[in-house]
There are 2 protein chains.
Amino acid sequence: MTVENRLAGILAPVVTPFDAQLKPDIPRWLRHCRWLVENDVGLAVFGTNSEANSMSTAEKIDLLEQLVEAGLPPGRMMPGTGCCALPDTVELTRKAVSLGCAGVLMLPPFYYKGVSDDGLYRSYAEVIERVGDARLNIYLYHIPQIAQVPITLSLIDRLLRDFPDYIAGVKDSSGDWDNTRSMLERFQPRGFDVFCGSESFLLDTLRHGGKGSITATANVNPAPIAALYREFEQPGVERRQAELDAVRGIFQGYVMIPGMKAAIAHYLDDPLWSRVRPPLDEMAGAERERLIAGLEQAGFEMAGLSTA
Amino acid sequence: MTVENRLAGILAPVVTPFDAQLKPDIPRWLRHCRWLVENDVGLAVFGTNSEANSMSTAEKIDLLEQLVEAGLPPGRMMPGTGCCALPDTVELTRKAVSLGCAGVLMLPPFYYKGVSDDGLYRSYAEVIERVGDARLNIYLYHIPQIAQVPITLSLIDRLLRDFPDYIAGVKDSSGDWDNTRSMLERFQPRGFDVFCGSESFLLDTLRHGGKGSITATANVNPAPIAALYREFEQPGVERRQAELDAVRGIFQGYVMIPGMKAAIAHYLDDPLWSRVRPPLDEMAGAERERLIAGLEQAGFEMAGLSTA
């Protein structure tokens, strides 16, 4: 790991389109990834919003290979690689590193609940040892409301002390600013890069020295979020933060993944995009109409998105 | 599915021994499986207590093939096959069915929280359709305190109505007798076989028409639990139920999986058995001594268990 090549800015947990057989629709996915990069948004593929945990390890490896082969820049990639099972996490992480991905976003193993920090420490330590590659940059993924297995401050402290060359940072999706601020104050000075899990905290995160945001809504509103990241020290940013919050607020009124997919389907006029894998439900009917009406009323657009 | 071949009685979510590289230790595992069957306990391999969600699909498929090749009876097997990702669940379930397993125990996809019954319904329906084999018997796995995704009564009602040939029953690990009783009253008469998730509810379950128990402690106390199942209509069973409860009570004072493994390691004089995969912690030191002392004080033994 070299600090110079560290990820920074805005990344999207890229939503995954599925075809009629519920297989990842690779052409649509690559097009979406390209549009995000064109809008200065990095690719945190296989995040929560990617329905990554509804895909097998083999599917994710295939997608990642295709993404790199298609010419998308590995230096902007932070694939999610944390699975329940150690062998899956190791296999996927090793693949990401070998393809040159700048980092990996790593959930703790999330089936067993009430596990100790010792157990989680050993879990991350085993992955680091087994991957055994100096290029590995791990971003810890704290999303306690979904994983139900938190990344505590004391776990970070211990991992950072013992593996400073591999533990690169965190995505804090707790939505708890006090927690994000604690991470920023305690660990950012030690070279541990803090990304907030929602652009609602973007200005606050950057002003406290954080590195950016990995946020669902970057899938649908990439350019304005990325612009605020680049220009956060300019005048008028409070208003721009409020504008980002307003768009996010619309999506947050719905289940996020089906809502974002429904919006992409609408703005691309490509209904296939709205499909989700079970156990999620596709957004349809009146709910979908309400979301689209809300977006149009707010003058929302997805500039440059195309099916071509 | 033929009702005549339905699973009944006591099954153990078989604990999985791991070698020094944390790989499944197949000889020790097969020996334990054989001992369980000799004690009239069926093999619910790949349950929560098997650390199944810490193993990859490929590892589980390899283990299942070896189990059948070793001559253990598929008619006594109910492997856990419910994973987060649809392709994993389908692959593992298909393998179990093709090997002749009498049933499969199927967790709902458990990463995404707050999912709808519609989404879970579609998840099970997709698996049934994709496996596409009349021999498939699905036992739904309700363990809300760990999976954090419950199997509701209304979901059971709907699945049983639409897939009566495939939905064979449930393991209720909620520990909530009111819920188990509701399942027994509403669904057992429709040919939906209810297994309680702890032998503490064994007599109650059997007296309400249930089919048995799939219980962690059957890994260490198989013969007495299986005997109570066979003889539950004889006099004196209340006292025997209390004896089972007393043994379970000792283990429940600790984290169950490391505790059971430590006990097996102790009674076999085979320390390797106590190893767990991260994120779990191996039981050691004073805690281990306390458990063993408690078991010896209670006159506990594991008759017939051997390293040979």
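The rules we used
Residues numbered from 1 in each chain as written. Chains lettered and ligands numbered in written order. Predicted model: local features only at pLDDT ≥ 70, side-chain atom pairs only at ≥ 80, totals over all residues. Heavy atoms only, no water. Helix = DSSP H or I, 4+ residues; strand = E, 2+ residues; numbered from the N terminus. Contact = heavy atoms within 4.5 Å. Lys, Arg positive; Asp, Glu negative; His and termini not counted. Charge placed at Lys NZ, Arg CZ, Asp CG, Glu CD. Buried area = accessible area lost by both parts, 1.4 Å probe. Salt bridge = Lys/Arg side-chain N within 4 Å of Asp/Glu carboxyl O. Polar contact = N/O pair within 3.5 Å; in protein donor to acceptor, adjacent residues only side chain to side chain. Least-squares fit on C-alpha atoms with pLDDT ≥ 70 in both. Buried < 20%, exposed > 50% of the residue type's maximum accessible area, 1.4 Å probe, protein only. Pairing = 2+ DSSP bridges. Axes fitted to C-alpha atoms, helices over the stretch in contact; angles between N-to-C directions. Right-handed = clockwise from strand over helix to strand, strands pointing away. pLDDT = per-residue confidence, 0-100.

K.L.:
Any chance you could break down the overall build of chain A for me, citing the residues and the numbers?
P.N.:
Counting secondary structure elements, chain A contains 12 helices and 7 strands. Along the longest, intermediate and shortest principal axes, the C-alpha atoms of chain A span 50 × 50 × 40 Å. Within chain A, contacts between residues separated by at least 24 positions form 73% of all contacts whose residues are at least 6 apart in sequence. Each charge class in chain A was averaged separately, 30 positive and 40 negative side chains, and the resulting centres sit 2 Å apart.

K.L.:
Give a detailed account of the interface of chain A and chain B, specifying residues and quantitative values.
P.N.:
Taken together, the contact pairs 44 residues of chain A with 44 residues of chain B. It is A:Tyr111, A:Tyr112 and A:Pro279 in chain A that bury the most area against chain B; as a group they hold 25% of the surface buried on that side. Counting across the chain A and chain B interface gives 2 salt bridges. For the salt bridge of B:Asp281 with A:Arg122, the shortest nitrogen-to-oxygen distance reads 3.3 Å. Joining chain A to chain B, the criterion identifies 20 residue pairs in polar contact (both at pLDDT 80 or more). Elements with a minimum of two residues in the side of chain A that touches chain B: α3 (86-98), α4 (117-131) and α5 (144-147) of chain A. Ranked by residues supplied to the side of chain A that touches chain B, first place goes to α4(A) with 7 residues.

K.L.:
Describe the relation of the copies chain A and chain B, naming the residues involved and giving the relevant values.
P.N.:
For the match of chain A to chain B, the screw axis carries a shift of 0.0 Å, the RMSD comes to 0.0 Å, and the turn is 180 degrees. Taken together, the rotation angle and the small translation identify this as a two-fold axis. For chain A, the residue whose C-alpha comes nearest the rotation axis is A:Tyr111, separated from it by 3.9 Å. The share of interface residues of chain A whose copies in chain B are also at the interface is 100%, consistent with both copies meeting through the same surface.

K.L.:
So what's going on with the environment of A:Thr57? Which residues, and what values?
P.N.:
Residue and element names in this part refer to chain A. Checked against the element boundaries, Thr 57 lands in helix α2 (residues 57-69). When its relative accessible area of 9% is taken as the criterion, Thr 57 is described as buried. A sequence separation of 198 residues divides Thr 57 from Val 255, and the C-alpha atoms of the two residues are 25 Å apart. Among residues more than four places away in sequence, those in contact with Thr 57 are Cys 83, Asp 88, Glu 91 and Leu 92.

K.L.:
Break down the sheet that holds strand β6 (residues 193-196) of chain B for me, citing the residues and quoting the values.
P.N.:
Residues and elements named next belong to chain B. Pairing is parallel across the open sheet formed by 7 strands, whose spatial order is β2-β1-β7-β6-β5-β4-β3. The sheet is open, and its two borders are formed by β2 (41-43) and β3 (104-106), each paired with just one other strand. Looking at each pair of strands side by side, their axes are set apart by 30 degrees on average, direction ignored. Where strand β1 (residues 9-12) lies against β2, 3 bridges are found, and the strand directions are parallel. By the bridge assignment, Ile 10 is partnered in β2 with Val 41. Of the strands in this sheet, β1, β2 and β7 (212-214) touch helix α9 (residues 222-230), which is tilted by about 155 degrees from β1.

K.L.:
Give a detailed account of the pairing of β1(B), specifying residues and quantitative values.
P.N.:
Within a regular beta strand, the side chains point alternately toward one face of the sheet and then the other, so they alternate between its two faces. Residues and elements named next belong to chain B. Across 3 bridges, the pairing between β1 and β7 is parallel. By the bridge assignment, Leu 11 is partnered in β7 with Ile 214. In terms of handedness, the path from β1 via helix α1 (residues 26-38) over to β2 forms a crossover that is right-handed.

K.L.:
Go over the confidence of the model for chain A, please, and point to the residues and values.
P.N.:
The predicted model of chain A has a mean per-residue pLDDT of 96, with 98% of residues at 70 or higher. Overall fold confidence (pTM) sits at 0.97, and the ipTM for the predicted complex is 0.96.

K.L.:
How would you summarise the sheet that holds strand β7 (residues 212-214) of chain A if you had to cite specific residues and measurements?
P.N.:
Residues and elements named next belong to chain A. Ordered by their spatial adjacency, 7 strands build an open sheet running β2-β1-β7-β6-β5-β4-β3, and the pairing between neighbours is parallel. Both outer strands of the open sheet, β2 (41-43) and β3 (104-106), are each paired with one neighbouring strand and no more. For this sheet the average axis-to-axis angle between neighbouring strands, irrespective of direction, equals 30 degrees.

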